Amino acid sequence: MRKRYERPPSRIGKLRLEALAVLLFLPAACERPKPATAAAPPLRIIVPAAGKTVSETYPPFSLPTEPVKRGVFEQINRDRAENGAAPVAWDEAASQVADAFCTAQVAEKTRGHYLRDGVPPYARTGLAGVFGYQSENSASWLTTASSISETPLVLALSAERTMMEEKPPADGHRVSILDPEATHVGVGWAMGGGRFQLAEEFLARGLESLNVRAEEGAAILHFSGQARAPLKLEFVTIAHEALPGNLTRAEANDRTFYKYPVPHEAFVPEGRIDLTVVGTATRDRIRLAGDRRFSFAFAPGEPGLFTFVFWFGSDAGDRPRPGGSAVAKVEP
C-alpha cells in the first residue's frame, strides 16, 4: 500500500496595511515549445559557485546585544509566552540577512517583502546559506519630514505591537509571530532619509547540518546533511521558478505577499517506492546513513531558481512538517 503525503499550505507573506497620515506604518506581509531540432543550452550553477560548498550547522545559543534587536527579540518571546507558544531562539545569520534587506530597502525607497532585484524572501535567506524554513514579517515607518523623531527602538516595538493587534482573517503577521513550528528568529533594521525598516525572519530549523556543493564542470548539486534529533528526514520537495527580473520601485512595493513555490518533484529515501508526495514526480533518491545522516544529488534541467524544502517526521510517527529550505540559482 502506497503512502501519499498531502503537503500543508505554504507559508504566505503578509498583506501590507496602509494609513493616511504623515507618519505611516506599512507592514508587508505559457512558454513557447522549442523547435525539435534545437539543442538545450548548457547550464551553469551560479549559487553555490562551481566547485564550492555552502555549509551551515544548527546555530549555537546566543543573544542579540544591539538594543533594538534585543528589544524586539524579547518582546517576540513575551508575546509567544502570553499566547502559549514556546520561545524562539536567536538566529544571528538570519539577522544579518534581515539587516542587509532593510538597508537595501532604505536605499531603494522600497517597502514590503521585495527589493528591486525581484528575489523572493525565502530565496534571499536560502541563497545566503541560511537553511531554515522561512517566514518573514516586514514593516515600514515613513515620514514626509527629513527625519523621524522617534527612536528606532520605539518604532520597532510599535510595529511589533501593531502586528500583534491584528485580527483574523487579516492577521498574517501575528500568525508568524506565534507560529508553533518556528524555532528561531533573526531581526534586522535600518533607518535613514525619513524611513525606518524592520524585518523579522522566522525560521523552522530541523537540520543539524547541511552542505550544498556545486560540481565543477557539470550542472549537478550534491546535498549532504544530518537531521536534528529526534527528527528524521522523510522527503525533500523541489520547486522551479523563472529567474527573477528587475522590478520598478512601484512593482516591488505592490508585491504585498509571497508564498513558497509549488513543487514539481520530490525525493524520498532509497527503496521507499511505497511513498508518494501528492502532486509531484516522486523518486527514491535520498541515501540514508546512520545517526540521521542523508545525501542526494540533483541535476537541474533548465535555468531558474530551484527551492528544496526538507520535510521531517519523528520516531514517534508525527506527520511530516517542513524544517529546512535551500535555494540554488541556475543560469544558461
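For the structure, see preceding data.
The structure presented is a predicted model; accordingly, all values stated were derived computationally and were not measured. (Residues numbered from 1 in each chain as written. Predicted model: local features only at pLDDT ≥ 70, side-chain atom pairs only at ≥ 80, totals over all residues. Heavy atoms only, no water.)

Examining the packing of helix H1 (residues 67-82) against helix H4 (residues 152-164)
Step number 1: Here H1 crosses H4 at 20°, and the two axes come no closer than 9 Å. Between H1 and H4, the interaxial angle falls into the category roughly parallel. Two packed elements cross with a definite hand, and for H1 against H4 that hand is right-handed. Residues Pro-67, Val-68, Gly-71, Val-72, Gln-75, Ile-76 and Asp-79 of H1 form the contact with H4, whose own contacting residues are Pro-152, Leu-153, Ala-156, Leu-157, Glu-160 and Met-164.
Step number 2: Split into classes, the residues belonging to the contact of H1 with H4 amount to nine nonpolar, two polar and two charged. (Axes fitted to C-alpha atoms, helices over the stretch in contact; angles between N-to-C directions. Helix = DSSP H or I, 4+ residues; strand = E, 2+ residues; numbered from the N terminus. Parallel < 35°, antiparallel > 145°, perpendicular 65-115°, else oblique. Left-handed = near helix turned anticlockwise from the far one by under 90°. Contact = heavy atoms within 4.5 Å. Nonpolar A, V, L, I, M, F, W, Y, C, P; charged D, E, K, R; others polar.)

Observations concerning the pattern of salt bridges
Step number 1: Tallied over the full model, the rule gives 12 salt bridges.
Step number 2: Glu-56 is paired through a salt bridge with Arg-205; the nearest N and O atoms lie 3.0 Å apart. Taken together, the positions of Glu-56 in strand S4 (residues 53-57) and Arg-205 in the loop between strand S8 (195-204) and strand S9 (207-214) put the pair 149 residues apart, joining distant regions of the chain.
Step number 3: Using a relative accessible area of 14% as the deciding quantity, one classes Glu-56 as buried.
Step number 4: The class of Arg-205 is buried, set by a relative accessible area of 8%.
Step number 5: Through salt bridges with shared partners, a single network forms among Arg-44, Lys-329 and Glu-331. (Salt bridge = Lys/Arg side-chain N within 4 Å of Asp/Glu carboxyl O. Buried < 20%, exposed > 50% of the residue type's maximum accessible area, 1.4 Å probe, protein only.)

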